[in-house]
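A closer look at the structure
Chain residues, written in single-letter form:
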Amino acid sequence: MLASLLPPFLIGLREGLEAALVVGILVAYLVRIDRRDVLPKLWAGVGLAAALVLVIGAVLTFGAYALTFQAQELLGGLLSLLAVGMVTWMIFWMQRTARTMRSHLESGIDRALAMGGFWGIVLIGFVSVAREGIETTLFLWSMVQTADQEGPGWLGAVLGLAVAVLLGWLLARGAVRLDLRRFFAWTGGFLVVVAAGVLAYAFHDLQESGALPGPFSEAATIDPATGGVGVGVAGFPFGWAFDLSAQLPPGSAIAALLQATVGFMPEMTWLQVIAWGLYLAVVGTFFVRGLFPRPRPAPAASAGTSASRHASQGAS
């Protein structure tokens, strides 16, 4: 139970806290410049975004039941790819703009107020929540499908969002202090690992749907010795990379924990393993490099001025 609750909880906590911080910055700025009169417009945008996210979640959860098995697998694979792309973009966006996010949001409010439009403030509130909400909904839906734990998965996400809202409120009131840089660094690393697992499962869905070659189709790599779908080296490239079902039963607690966190399944295809490894190698490397940004070199003009100053001092 805990294995299926923890990953959605952490994702709901991180993404929810991002949205709560953004809304908190907007609200605090409007209060500071004495424009409480437009707060209802901002909250209207937030409410519209929340409604949109709920509709998308309901459509994804219940709409797929009307599709055939192949269509469900194809839809699941494509949406999982989209979720991984959105989450990856958001991780690096947060790394790049975290320091300037406050000024960026406040300048957006200033522009909307200068234009005097009702929809400008509504749009800021809507975009601030909808971006995080849609990304979170897609990613959590993909995770729930991956772990095959609909009830516990969504429960963990709801708990994470609830804690995020509470934390955002406490941070805005100054009741608690949180090292946000460290928080987003650790949760960002966790998201990279989880996204790799979702990507691997997306390839599994696409192979089951027949969109990609794999052990479920006629393109499967056959082991000449057994006449069945190859496993290990004999299964490369469109067979099974390994099959540990006997040693690690798919329904066991350890298997559920590994699948919910790192996307490891007792039986994985070669395409899944390659996608998982490449994603971790490439995205993980760039993410770690982003945690330690290189210091900016001194401006050339400053260096030239300094050199001229030393030269004049030497002449005197």
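Residues numbered from 1 in each chain as written. Predicted model: local features only at pLDDT ≥ 70, side-chain atom pairs only at ≥ 80, totals over all residues. Heavy atoms only, no water.

**Observations regarding the overall build of the protein**
For clarity, the cut-off: Strands are runs of DSSP state E lasting at least two residues, helices are runs of H or I lasting at least four, and both sets are numbered from the N terminus onward. When accessible area is computed with a 1.4 Å probe and restricted to protein chains, residues below 20% of their type maximum are described as buried, those above 50% as exposed, and intermediate ones as partly exposed. Contact definition: two residues touch when any of their heavy atoms are within 4.5 Å. Accessible areas in this description were obtained via Shrake-Rupley with a 1.4 Å probe; residue shielding takes into account the shown protein chains only.
Secondary structure summary: the protein contains 10 helices and 2 strands in total. Taking all 316 residues of the protein together, 41% fall into the buried category. Taking all contacts inside the protein whose residues are at least 6 apart in sequence as the whole, residues at least 24 apart take part in 74%. Taken as a whole, the protein presents about 16,800 Å² of accessible surface, with 69% of it coming from carbon and sulfur.

**As for the packing of helix α3 (residues 69–97) against helix α9 (residues 270–291)**
Test applied: Structural elements are reduced to axes, namely lines fitted to C-alpha atoms, with helices fitted over the stretch in contact, and the angle between N-to-C directions of any two is expressed from 0 to 180 degrees. Between 65 and 115 degrees an angle is taken as roughly perpendicular, under 35 as roughly parallel, over 145 as roughly antiparallel, and anywhere else as oblique. The hand of a helix crossing depends on one turn: near helix anticlockwise from the far one by less than a right angle means left-handed, and clockwise means right-handed. Gly counts as polar in this scheme, as do all residues outside two lists: the nonpolar Ala, Val, Leu, Ile, Met, Phe, Trp, Tyr, Cys and Pro, and the charged Asp, Glu, Lys and Arg.
At their nearest, the axes of α3 and α9 sit 10 Å apart, and the two run at 15° to each other. Overall, the two elements α3 and α9 adopt an arrangement that is roughly parallel. Note on packing geometry: the crossing formed by α3 with α9 is left-handed. In this structure, α3 contributes Val 84, Thr 88, Ile 91, Phe 92 and Gln 95 to the contact, and α9 contributes Tyr 279, Val 283, Phe 286, Phe 287, Gly 290 and Leu 291. Among the residues forming the contact of α3 with α9, the class breakdown is 8 nonpolar, 3 polar and no charged.

**Focus on the packing of α3 against helix α7 (residues 180–209)**
Contact pair α3 / α7: the axes reach a minimum separation of 8 Å and the direction vectors enclose 155°. If you check the angle between α3 and α7, you find them roughly antiparallel. As α3 runs across α7, the sense of the crossing is left-handed. Side by side, α3 and α7 meet where Phe 69, Gln 70, Glu 73, Leu 74, Gly 76, Gly 77, Leu 78, Ser 80, Leu 81, Val 84, Val 87 and Ile 91 of the first sit next to Gly 188, Leu 191, Val 192, Ala 195, Val 198, Leu 199, Ala 202, Phe 203, Asp 205, Leu 206, Glu 208 and Ser 209 of the second. Residues of the contact of α3 with α7, tallied by class, amount to 15 nonpolar, 6 polar and 3 charged.

**Topic: the environment of Leu 113**
Mapped onto the elements of the fold, Leu 113 is located in helix α4 (residues 101–115). Taking the C-alpha atoms as reference points, Leu 113 and Val 38, separated by 75 residues in sequence, lie 9.0 Å from one another. Residue contacts for Leu 113: discarding those within four places in its chain leaves Leu 30, Ile 33, Arg 35, Val 38 and Ile 121.

**Points about the pattern of salt bridges**
The cut-off we apply is this: Throughout this description, the term salt bridge denotes a Lys or Arg side-chain nitrogen within 4 Å of a carboxyl oxygen of Asp or Glu.
Counted according to the given criterion, the structure contains 5 salt bridges. For Glu 15, the salt bridge is made with Arg 14, and the minimal N-O distance between the two is 3.5 Å. Of the two residues examined, Glu 15 and Arg 14, each falls in the buried class. Where Arg 14 meets Glu 18, a salt bridge forms, and the shortest distance between an N and an O atom there is 3.0 Å. Linking Arg 14 with Glu 18, this pair stays in helix α1 (residues 2–32), spanning 4 residues, or about one helical turn.

**With respect to the confidence of the model for the protein**
Rule in force here: The predictor reports its confidence for every residue as pLDDT, a score running from 0 up to 100.
Averaged over every residue, the pLDDT of the protein is 84; the share at 70 or more is 88%. Least confident of the elements in the protein is helix α10 (residues 300–315), whose mean pLDDT is 49; most confident is strand β1 (residues 240–243), at 96.

**Structural notes on unusual backbone geometry**
The phi angle of most residues is negative, glycine excepted, and most peptide bonds adopt the trans form. Backbone torsion omega between Phe 236 and Pro 237 reads 5°, so that peptide bond is classified as cis. Examined against the element boundaries, Pro 237 turns out to sit in the loop between α7 and β1.

**Thoughts on the packing of aromatic side chains**
Definition in use: Note on aromatic contacts: the rings of Phe and Tyr and the six-membered ring of Trp form a pair at centre separations within 6.5 Å, being stacked when their planes are under 30 degrees apart, edge-to-face when over 60 apart, and tilted otherwise.
One pass over the full model with this rule turns up 5 aromatic pairs. Ring geometry for Phe 183 and Phe 184: centres 5.2 Å apart, planes at 75°, overall edge-to-face. Here the two residues Phe 183 and Phe 184 agree in accessibility, since each one is buried. With a centroid separation of 5.2 Å and an interplanar angle of 85°, the aromatic rings of Phe 236 and Trp 270 are classed as edge-to-face. Taken together, the residues Phe 236 in the loop between α7 and β1 and Trp 270 in helix α9 connect sequence positions 34 residues apart. The exposure class of Phe 236 is partly exposed, given its relative accessible area of 47%.

**Regarding a nonpolar patch on the surface**
As a reminder, the rule being used: Each patch groups residues whose relative accessible area exceeds 30% and which form no salt bridge, using 9 Å between like charges and 5 Å between nonpolar side chains of Val, Leu, Ile, Met, Phe, Trp and Tyr.
A surface patch of nonpolar side chains, amounting to about 230 Å² of accessible area, comprises Leu 74, Leu 78 and Leu 81. Inspection of the secondary structure assignment puts Leu 81 in helix α3.

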